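One-letter residues, chain by chain:
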Amino acid sequence: MGIVIETKGLTKRYKSGAGCFNIDLQVPQGCVFGLLGSNGAGKSTLVKTLVGLLRATSGQATVLGKPLGTVAVRKRIGYLPESFRYQPWMTGIELLDFHARLRHVPAEVARRRIPELLEMVNLRGKGDHPIKSYSKGMQQRLGLAAALIADPELVFLDEPTSALDPVGRRQARELIIRLREQGKTIFLNSHLLGEVESVCDQIAVLNSGQLVAMGSLSELRGIQVVLDLRVTGISDTVKSELSKLAMGITQVGDRMTMVVREPGVIPLVAQLITNSGARLYELVPRSRDLEELFFDLVQNGGC
Amino acid sequence: MGVFTTITLKEILHKKLFLITVFVTIIYLCLYCITLQYAQNALVTMENPVVKAVLIPQILTAGLYFGSLLTAVFAIFATVSVLSGEIESGVMHTVVSGSVTRAQIVLGKFLGLSLIGIIYAALLFCGVTLAVQSITGNTVESYFTALCTFSLLPVFLVSITMAGSALLPTTANGIIIFTLYALSLIGGVVEQIATITENEVLLNMGILSSLMMPADSIYRKVTSLVVDSANNPLAGLVMLGPFGSQTEPSALMMSYTVVYLFAALFLAVLIFQRRDI
């Protein structure tokens, strides 16, 4: 499996000082790569730099094996921007035809592909309506179709579901999975953790313009286990003993949450509590979800 | 590049600006024809041939002067947001990420806007001159050369407005281009006064404003062409007033204008290629 995007020390610094800095990234071919980060973390800046809208301040990067921003590369990529807007006087079909011509798609291929794409993004029958009559969600669907008009190998989707309703979001997720099945690489920029968790094979997290984590979801989660307990009558001495087994421990009333390094600790925890005379009503081990991981990375700067 | 020319033409035709311009132009030409007809009716009863020899060419140059104003306003308004507006709205994001160069985008839009500007200017020029010819019977000298020179005005303004649009936000660009155009018009009038009064300071001020923004020189060249000054003993009287041209802009000045036009276009491409979207 080849590498579709590779960056080394890629930096885009705005005059304000914001941007993204020293990004070292590798995106394998055929995967859905999720870029996570809070608002202003530099996600869109990184995507815009990769598609050639912004000029990198320093560092190196290749997309599909070629330097950033070359026409040859842009022919092979699709892009749905975060702040999408299309010529309001055009119809949906005219817009897709315009984007087909921008990407040198032969006319006969475009004629065949436009109805297929309109069907794919659930805009069948709306193609001859002017874009100014489209809702925000319909425009975003049309943007998805425009990004796919040239059958690109690599698709950058910057917040692709921000304007969609729950049904639209689900359809977009299904579309992303379908594109992956066709062997395409998807670079998904989102702050919707559930969306990223459900479709992404690889994840990178940006915080204040810096890449703070990258890997598969299981790699990022590590082998840490979260234990949700319901316990009463626990003494401070026992609690102190438990904290020696845990990486983190919190208690609210009879509810306790512990993060332990590996599942082998679970029997020790149960034994310690029951031997102390405290009453253990519940002990549920689970993996850390992406939300916990994300907050840990963004607020505490690491796992 | 052709795709941008086509799309720019279609976009202009869809804009309210185009409809408003067509409407205003029709009203202007109607008013102009009515004025000409009244002037002609009055001249028929006059016995002094000098008045007729002076008045009709002056009405012609006045018609072309206001025609050039309409053309300038249309060219500037149509171009002022052509790059900056699309960047600000986000339309440009998907366009620039297509497999086209940024130079193709700028040049394609330039061609589209210039084409519509040329068509508009040519129709306006023909409207004014045909009205003069049909109502008064006066002929317009150097018709084709004057038509081509008049049509240079929108191309010139599209070029510099485009350079501004590549560099500045839409509002700032509009203010700067209109200020420069106003400066050029004032400079043109100052130059006429300077020539009549033989005041060197005023003349230098006029020349300086023409060098900064040679739009008015294009109009003055047109008036010099349509009124055959060389063979008209009353040329000095005909060219009196703000609409005339006491001295014909030189070939060097016209060459400077063309170089200015291409330099602005080159600058537009250069700035747009380097700017962050």
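This text goes with the structure placed above it.
Our subject in this report is the structure included herewith. Throughout this document, residue positions are counted from 1 along each chain, in the order its sequence is written. Starting at A for chains and at 1 for ligands, labels are handed out in the order in which the entities are written. The predicted nature of this model means local features are confined to residues of pLDDT at least 70 and side-chain atom pairs, given and counted, to a pLDDT of 80 or more, with totals for whole chains, interfaces and linings taken over all residues. Computation of side-chain values covers all heavy atoms of the structure but excludes hydrogens and water.

So, about the overall build of chain A. Strands are runs of DSSP state E lasting at least two residues, helices are runs of H or I lasting at least four, and both sets are numbered from the N terminus onward. A count of helices and strands for chain A gives 11 helices and 14 strands. Along the longest, intermediate and shortest principal axes, the C-alpha atoms of chain A span 80 × 45 × 40 Å. Classification of residues uses two cut-offs on accessible area relative to the type maximum, computed with a 1.4 Å probe and protein chains only: under 20% is buried, over 50% is exposed, and between them is partly exposed. Within chain A, buried positions represent 49% of all 303 residues. For accessible areas, the Shrake-Rupley method is used with a probe of radius 1.4 Å. Any residue's cover is judged against the shown protein chains and nothing else. If you sum the accessible surface of chain A, you get close to 13,800 Å²; carbon and sulfur atoms cover 49% of it. Of the charged side chains in chain A, 37 are positive and 30 negative, and the gap between their average positions amounts to 7 Å. Two residue types count as positive, namely Lys and Arg, and two as negative, namely Asp and Glu; His and chain ends fall outside the count. We put the charge of a Lys on NZ, of an Arg on CZ, of an Asp on CG and of a Glu on CD.

Now for the pairing of strand 8 (residues 185–189) of chain A. Residue and element names in this part refer to chain A. Among the five residues that make up strand 8, five are buried, leaving the element largely enclosed by the rest of the structure. Judged by which residues are buried, strand 8 turns out to be covered on both faces: Thr185, Phe187 and Asn189 on one side and Ile186 and Leu188 on the other are all buried. The pairing criterion for strands is at least two bridges between them, as found by DSSP. Here strand 3 (residues 32–36) runs beside strand 8; their pairing, made up of four bridges, is parallel. When the sheet's bridge partners are listed, Gly34 is paired in strand 8 with Leu188.

Residue and element names in this part refer to chain A. Lining residues are those with an atom within 4 Å of a point, where the points come from a 1 Å grid over the protein atoms alone and group into cavities, where a 1.4 Å probe fits but cannot get out, or pockets, open sets with protein on both sides within 12 Å along at least five of seven lines. Grid points are joined across faces, edges and corners, and a volume is the space filled by probe spheres set on the points. Taken as a whole and assessed by the stated rule, the structure comprises three cavities of 30 Å³ or more. In this structure, the largest cavity occupies an estimated 80 Å³ of space. The set of elements that each furnish at least two residues to the lining of the largest cavity consists of helix 5 (136–147) and helix 6 (166–181). Element by element, the count of residues in the lining of the largest cavity is highest for helix 6, at four residues.

All right, on to the environment of Val196 of chain A then. Mapped onto the elements, Val196 of chain A comes out in helix 7 (residues 193–199). As for Val196 of chain A and Leu217 of chain A, which are separated by 21 residues in sequence, their C-alpha atoms are 9.7 Å apart.

All names here are of chain A. Spatial strand order, 12-13-11-14: four strands in an open sheet with antiparallel pairing. Whereas interior strands pair on both sides, the edge strands pair on one side only; in this sheet they are strand 12 (246–252) and strand 14 (279–287). Ignoring which end each strand starts from, the neighbouring axes of this sheet average 15° apart. Taken together, the six bridges between strand 11 (residues 225–232) and strand 13 (residues 255–260) define a ladder with antiparallel strand orientation. Each residue of the ladder has a partner; that of Val226, found in strand 13, is Val259. Only heavy atoms enter the contact rule, under which two residues are in contact if any of them lie within 4.5 Å. Fitted lines through C-alpha atoms serve as axes, helices being fitted only where they are in contact, and the angles separating the N-to-C directions of these axes extend from 0 to 180 degrees. Its contacts with the sheet place helix 9 (residues 236–245) against strand 12 and strand 13, and it is angled at close to 140° to strand 12. The sheet contacts of helix 10 (residues 266–275) involve strand 11, strand 13 and strand 14, and relative to strand 14 the element is tilted by about 165°.

Our focus in this paragraph is the environment of Leu202 of chain B. All names here are of chain B. Structurally, the position occupied by Leu202 is in helix 9 (residues 200–212). Taking the C-alpha atoms as reference points, Leu202 and Ser99, separated by 103 residues in sequence, lie 52 Å from one another. Not counting chain neighbours up to four residues away, the residues in contact with Leu202 comprise Val190, Ile193 and Ala194.

Next up on the list: the pattern of salt bridges. All names here are of chain A. Salt bridge, as applied in this entry: a Lys or Arg side-chain nitrogen positioned within 4 Å of an Asp or Glu carboxyl oxygen. Under the definition given, this model contains 15 salt bridges over all chains. The salt bridge partner of Lys184 is Asp151, with a shortest N-O separation of 2.7 Å. In this pair, Lys184 is assigned in the loop between helix 6 and strand 8 and Asp151 in the loop between helix 5 and strand 7 (154–158), connecting sequence segments 33 residues apart. Assessed through its relative accessible area of 9%, Lys184 is described here as buried. For Glu282, the salt bridge is made with Arg230, and the minimal N-O distance between the two is 3.9 Å. Here Arg230 lies in strand 11 and Glu282 lies in strand 14, a separation of 52 residues in the sequence. For Arg230, a relative accessible area of 25% gives the class partly exposed. In the salt-bridge network here, residues are joined through shared partners; they are Arg230, Asp254, Arg255 and Glu282.

To continue, consider the packing of helix 7 (residues 143–167) of chain B against helix 10 (residues 215–226) of chain B. All names here are of chain B. Orientation of helix 7 relative to helix 10, taken along the N-to-C sense of each, is 170°, at an axis distance of 9 Å. The orientation of helix 7 relative to helix 10 falls into the category roughly antiparallel. Side by side, helix 7 and helix 10 meet where Thr145, Ala146, Thr149, Phe150, Leu152, Leu153, Phe156 and Leu157 of the first sit next to Ala215, Ile218, Lys221, Val222, Leu225 and Val226 of the second. Roughly parallel means an angle under 35 degrees; roughly antiparallel means over 145; roughly perpendicular covers 65 to 115; every other angle is labelled oblique.

Our next topic: the interface of chain A and chain B. The interface of chain A with chain B comprises 23 residues on the first partner and 25 residues on the second. Between chain A and chain B, the buried area comes to about 2,400 Å², and carbon and sulfur atoms account for 60% of it. By the criterion of area lost to chain B, the three top residues of chain A are Leu53, Trp89 and Leu102 of chain A, representing 29% of everything that side buries. Asp276 of chain B is the salt-bridge partner of Lys12 of chain A, the closest N and O atoms lying 2.5 Å from each other. Accessible area that two parts lose when put together, evaluated with a 1.4 Å probe and summed over both, is termed the buried area.

For the rest of this paragraph, the subject is a nonpolar patch on the surface. Patch criteria: residues need more than 30% relative accessible area and no salt bridge. Like-charged residues are merged within 9 Å; nonpolar side chains of Val, Leu, Ile, Met, Phe, Trp and Tyr are merged within 5 Å. A surface patch of nonpolar side chains, amounting to about 730 Å² of accessible area, comprises Ile20, Phe23, Val24, Ile27, Leu31, Ile34 and Tyr38 of chain B. Mapped onto the secondary structure, Ile20 of chain B falls in helix 2 (residues 16–45).

Moving on to unusual backbone geometry. All names here are of chain A. A positive phi angle, close to 65°, is found at Asn122, a residue other than glycine. With respect to the helices, strands and loops of the structure, Asn122 is situated in the loop between helix 4 (107–120) and helix 5. For Asn122, a relative accessible area of 47% translates into the label partly exposed. The backbone of Glu159 sits at a positive phi, close to 50°, despite the residue not being glycine. Turning to its location among the elements, Glu159 is positioned in the loop between strand 7 and helix 6.

So, on to the packing of helix 9 of chain B against helix 12 (residues 251–274) of chain B. Residues and elements named next belong to chain B. With their axes 10 Å apart at the nearest point, helix 9 and helix 12 run at an angle of 35° to one another. For the pair helix 9 and helix 12, the contacting residues are Ser210, Leu211 and Met212 in the first and Met253, Tyr256 and Tyr260 in the second. Taken together, the residues of the contact of helix 9 with helix 12 break down into five nonpolar, one polar and no charged. Any residue that is not Ala, Val, Leu, Ile, Met, Phe, Trp, Tyr, Cys, Pro, Asp, Glu, Lys or Arg is counted as polar, Gly included; the first ten are nonpolar and the last four charged.

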